[in-house]
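Fold and contact review
The chain contents come next:
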Amino acid sequence: MAMVNRGVAVVITAMALFEAVLLEATVYKVGDTAGWTTIGNIDYKQWSATKTFHLGDLIVFEYNSQFHNVMRVTHNMYKSCNASAPMATYTTGNDSVTIKTRGHHYFICGVPGHCQAGQKLDINVPRLHVQQLAPSPSSSSISTPAAPNSPSVPAAKVSGPSPNSAASFKPMLAVFLGLFLFNFACVQFYMY
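Keep in mind that what you see is a predicted model, and the values were worked out from it rather than measured. (Residues numbered from 1 in each chain as written. Predicted model: local features only at pLDDT ≥ 70, side-chain atom pairs only at ≥ 80, totals over all residues. Heavy atoms only, no water.)

Our focus in this paragraph is the overall build of the chain. Across its full length, the chain carries five helices and seven strands. If you list the helices and strands of the chain from N to C, you get α-β-α-β-β-α-β-β-β-β-α-α. Counting over 192 residues, the chain shows a buried share of 26%. The contacts of the chain with a sequence gap of at least 6 include a subset with a gap of at least 24, amounting to 68%. Accessible area for the chain stands at about 12900 Å²; split by element, carbon and sulfur atoms hold 62% of it. (Helix = DSSP H or I, 4+ residues; strand = E, 2+ residues; numbered from the N terminus. Buried < 20%, exposed > 50% of the residue type's maximum accessible area, 1.4 Å probe, protein only. Contact = heavy atoms within 4.5 Å. Areas by Shrake-Rupley, 256 points an atom, 1.4 Å probe, with all protein chains shown as cover.)

Here you go:
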């Protein structure tokens, strides 16, 4: 029986490792060392603008639960600081929210006056990667204006950077690690 429990533990560990490698989730503490507060004039708009959020990221709200809360709200509620019908409310003082969808995720403090004082947060997971939106340098040529009395010479085309082979390495590593650990767990499970 102990070996069956060990096999189950190995399978669970394998699945957790596989998910962690595949998702590459990041944990963000809202407001960094200040946390979720109205003290110190924290600019949460600036804080979120300096981050690149992805699916699976964990957003951690740390705050004094006697004075604050966290409410997930719609865009209109965010803009107007309306806390009357939140989508979700968190009140522990140490709340974690996993980002599961792309787009904007809006949070406010529902204590009267706090949202109006700036205790509101917009987490945006882009629908498209920035690289997909920017044109490739090799897709167009740029001409510089010619100096007077000189022949017009077009600028040379510059090819963009070569694709990074490391970008495709992590998913392959995750698949390999997952399969290896799964096979190991199956062998352990069936041996005993």
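Let's shift gears to the pattern of salt bridges. Here the structure, examined in full by the defined rule, presents one salt bridge. The closest approach of N and O atoms between K29 and E62, which form a salt bridge, is 3.1 Å. Here K29 is found in strand β1 (residues 27–29), whereas its partner E62 is found in strand β2 (residues 58–62), with 33 residues between them in sequence. (Salt bridge = Lys/Arg side-chain N within 4 Å of Asp/Glu carboxyl O.)

For the structure on display, the rule yields seven aromatic pairs. Seen from their ring centres, Y28 and F53 are 4.8 Å apart, and the 65° between their planes marks the pair as edge-to-face. Residue Y28 is found in strand β1, and its partner F53 is found in the loop between α2 (44–49) and β2; the two are separated by 25 residues along the sequence. Residue classification places Y28 among the buried positions, given a relative accessible area of 12%. Ring centres of W47 and F53 lie 6.1 Å apart, and the angle between their planes is 45°; this geometry places the pair in the tilted category. Classification of F53 as buried rests on a relative accessible area of 1%. Members of the aromatic cluster, connected to one another through ring pairs, are W36, Y44, F61 and F107. Over the face of the ring belonging to Y78 we find K120, whose NZ or CZ atom lies 4.5 Å from the ring centre. (Phe/Tyr/Trp six-rings, centres within 6.5 Å; stacked < 30°, edge-to-face > 60°. Lys NZ or Arg CZ within 6 Å of the ring centre and 35° of its normal.)

Coordinates in, geometry out; function isn't part of it.
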